[in-house]
Amino acid sequence: MTTFASGTTASNSKDTLTRDALTVLQPGFTGTTAPDWLLRRLGEGLASVGLFGRNIASPDQLASLTAQLRAERDDVLVAIDEEGGDVTRLEVRTGSSFPGNHALGAVDDVELTEAVAHELGRRLAACGVNLNWAPSADVNSNPSNPVIGVRSFGADTGLVARHTAAYVTGLQAAGVAACTKHFPGHGDTAVDSHHALPRIDADLSVLQSRELVPFRAAIAAGSRAVMSAHILVPALDPDRPATLSRRILTGLLREELGYDGLIVTDGMEMQAIAATYGIERGSVLAIAAGADAICVGGGLADDDTVRRLRDALVSAVRAGELPEERLADAADRVRALAAWTAAASAIPKTSPAGSGPAAVVTGGGATGSGTRHMNGLNGSNASNGVDGTDGTDGVNGTGGAAGTSGAEGTRGTAEPDRTAASDRTGSGSGTGTSARTGGTGSGSGIGLVAARRALTVTRSPSYTPLAGAPFVAALTPVANIAVGDETPWGVAAELARLLPGTETGSFSGEDAGSSALAAAGARPLVVVVRDEHRHPWMAAALDTVLASRPDAVVVEMGVPQSAPRGALHIATHGAARVCGQAAAEVVAGE
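Reading guide: rules and limits
Every chain is numbered independently, its residues counted from 1 as its sequence is written. Local features in a predicted model are, by the rule used here, given only for residues with pLDDT of at least 70; side-chain atom pairs are given and counted only at 80 or more, and totals for whole chains, interfaces and linings are based on all residues. Side-chain measures were taken over the full set of non-hydrogen atoms in the model, leaving aside hydrogen atoms and water. Note on pairing: two strands pair once DSSP finds at least 2 bridges between them. A helix here means a DSSP run of H or I that spans at least four residues, while a strand means a run of E at least two residues long, and both kinds are numbered starting from the N terminus. Two aromatic rings, drawn from Phe, Tyr or Trp (for Trp, its six-membered ring), form a pair once their centres lie within 6.5 Å of each other, and the interplanar angle then sorts them: stacked below 30 degrees, edge-to-face above 60, tilted otherwise. A simple rule labels every residue: compare its accessible area, found with a 1.4 Å probe on the protein chains alone, to the largest value its type can have, and call it buried under 20%, exposed over 50%, or partly exposed in between. Residue types Ala, Val, Leu, Ile, Met, Phe, Trp, Tyr and Cys, when buried and joined through side-chain atoms within 4.5 Å, form a set referred to as a nonpolar core. The predictor reports its confidence for every residue as pLDDT, a score running from 0 up to 100. Contact definition: two residues touch when any of their heavy atoms are within 4.5 Å. Only the stretch in contact is used when fitting a helix axis, every axis being a line fitted to C-alpha atoms; angles between N-to-C directions are given from 0 to 180 degrees. Put simply, angles under 35 degrees are roughly parallel, angles over 145 are roughly antiparallel, angles from 65 to 115 are roughly perpendicular, and the rest are oblique. Gly is put with the polar residues, along with every residue not named as nonpolar or charged; the nonpolar set is Ala, Val, Leu, Ile, Met, Phe, Trp, Tyr, Cys and Pro, and the charged set is Asp, Glu, Lys and Arg.

1. Remarks on the sheet that holds strand β6 (residues 225-228)
One open sheet holds the 6 strands; their spatial order is β2-β3-β4-β5-β6-β7, and the pairing between them is parallel. In this open sheet, the two edge strands, each paired with only one partner strand, are β2 (48-51) and β7 (262-264). The sheet contact formed by strand β4 (residues 131-132) and strand β5 (residues 177-183) spans 2 bridges and is parallel. The residue bridging Asn 132 from the neighbouring strand is Ala 178, located in β5.

Structure, rendered in structure tokens:
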């Protein structure tokens, strides 16, 4: 085993320059066990490893994998892109147990956001993951944004700022470092940086009052890492994207905003960088600009990539293109974060009876000093209950929302109701059971509690409950790369559990509407859409369906930008598994 926490060398380590070049890399790999080349690189100085869905089969397997990594280097940073919601790696094959940022922003309860982030962090820490490339602090000011959308807490700057801070606090109270992204803000883009270089043409005053506010909040909350965006912002630097810009990473983030933590790049194999600068040149420019860690491995996940980037950094130093002191400073910042995560993991975290997830992080905690106590939602009424073993429903009871609203909005006569789906059946019992079903298990998890509270349910005057098992027509868009197409979404699986006999089909393109109608026949019809406002074919398909079947139920699982329509309209504010479960409960009349 090799230990470099204090910067000391081991007998098999190479020279300091080569070791530092390896230290600043955050590579990925394929498979569910660590390959020999990765273990060898850890022995040579590699300090971080990035995990993706392809590396995870189960919590036990993940814990074994991280233990394997730590057997080679005990202070290794194990990073993951686990936002919850639509972007999940822990539950890539089933869908997430936690709603994403947009759902949390829709509820707008910062204590709930903190509790959700803490529980997510607790699960990560239990599996040996200590750095999460989350949360997204992007203000979704462009509703047509193809890559942010429900990954954002919303379009209101103040809302995004307060929930970003709450998320950072909750996650880090669990001993997992937050990596707030995508600096200086990816919300006002119409291009996905996985495919090309986006450009934001907002002036400096707009950037200061909109994009930068959530990052200021994250810094104040003690975010241990910040991830740069591959975007061109001419008001800040007309020549280079943020990841490669000294003006942005050093001048703005370090000097103006006073940030002193780790700066991580977004994936360097993304086309915004790879197709314009190349990953080797891009990595050199990023470190020179002020980045401390190079994220790579989502698409390039082999030893050759690590070798190429290591050699590019070493050659740049020797050629005078990259100051050796800058590379050494970047490596020191990586080691400092590794030391923080090691200290955080050593601090006992308890869940006292009658309270939710409690954590105490001292010294370098979420605020960087003092003692941090985090008790879920509201002190003794905090919610945990992830496995139906403790905690309350988290919505009702003395610390939750009162179970009094009880009715969805009726279109034309009342505003759509956001909390009715969670309040409808009364108050929580304080036993870890769901107030909706009275059962135990997943129904009492904080993620499902949050998903239920995030629903916006709108009934038309003509709505009548389903008379039998429905046909579910999923109008399915192409998933962006951040979300991926391997994670299931929708309401069909949950409806099949609640209403046996439910059938489903996926439809897209010009004939999606007519095809869905033909497949449904005379059965009750549920139509599931995802960002209807961004896909003209989807809006047209829904027009076709509703013209023939005005009784259809519509479930919007993206950003609910379009006006509610259908006999019953449910906006989930995200496509996580728990969002689908919460919506299915309403459709089934649970």
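2. A closer look at the packing of aromatic side chains
Under the definition given, this model contains 4 aromatic pairs. Measuring from ring centre to ring centre gives 6.0 Å for Phe 52 and Trp 133, while their planes differ by 45 degrees; the resulting arrangement is tilted. Here Trp 133 lies in the loop between β4 and α6 (157-173) and Phe 52 lies in the loop between β2 and α3 (59-72), a separation of 81 residues in the sequence. Looking at Trp 133, the relative accessible area reads 2%, which means it is buried. For the ring pair Phe 471 and Phe 507, a centre distance of 6.3 Å and an interplane angle of 55 degrees mean the geometry is tilted. With Phe 471 in strand β13 (residues 471-475) and Phe 507 in strand β14 (residues 503-507), this residue pair connects regions lying 36 residues apart in the sequence.

3. Here we look at the nonpolar core
Of all hydrophobic cores here, the largest spans 115 residues; its most connected members are Leu 25, Leu 51, Leu 69, Trp 133, Phe 183 and Val 264. Element by element, the count of residues in this core is highest for helix α12 (residues 324-345), at 8 residues.

4. Examining the confidence of the model for the protein
Mean pLDDT over the protein works out to 83, with 79% of the residues at or above the 70 mark. Taken together, the stretch residues 350-415 has pLDDT below 50 and engages in 182 contacts with residues farther than four places along the chain or on a different chain. Residue range residues 418-444 is modelled with pLDDT below 50. Its contacts to residues more than four positions away, or to other chains, number 85 contacts.

5. As for the pairing of strand β17 (residues 568-571)
Side chains Leu 568 and Ile 570 project from β17 onto one buried face, and the interleaved His 569 and Ala 571 project onto a second face that is buried too. As paired strands, strand β12 (residues 456-459) and β17 are joined by 4 bridges and run antiparallel to one another. From the neighbouring strand, Thr 456 faces β17, where its bridge partner is Ala 571. Examined bridge by bridge, strand β16 (residues 553-556) and β17 share 4 bridges and lie parallel to one another. In the sheet register, Val 555 faces β17, and the bridge partner there is Ile 570.

6. Some details on the packing of helix α2 (residues 36-44) against helix α11 (residues 303-318)
Two elements in contact, α2 and α11, have axes separated by 10 Å at closest approach and are oriented at 30 degrees. Viewed along their axes, α2 and α11 adopt a mutual orientation that is roughly parallel. Within the contact between the two elements, α2 uses Trp 37, Arg 40 and Arg 41 and α11 uses Asp 303, Val 306, Arg 307 and Arg 310. Its residues assigned to classes, the contact of α2 with α11 comprises 2 nonpolar, no polar and 5 charged.

7. Things to note about unusual backbone geometry
Residues Ala 134 and Pro 135 are joined by a peptide bond in cis, for which omega reads 10 degrees. Inspection of the secondary structure puts Pro 135 in the loop between β4 and α6. Omega for the bond connecting Phe 183 with Pro 184 falls within 30 degrees of zero, at 5 degrees, which places this linkage in the cis form. Looking at where Pro 184 falls in the secondary structure, it is placed in the loop between β5 and α7 (204-220). Phi at Asp 108 takes a positive value of approximately 60 degrees, unusual for a residue other than glycine. Inspection of the secondary structure puts Asp 108 in the loop between α4 (101-107) and α5 (110-126).

8. Notes on the side chain of Thr 487
Within the element layout of this structure, Thr 487 appears in the loop between β13 and α15 (492-498). What Thr 487 contacts, discounting residues up to four positions off in sequence, is Thr 88, Glu 91, Val 92 and Gly 95.

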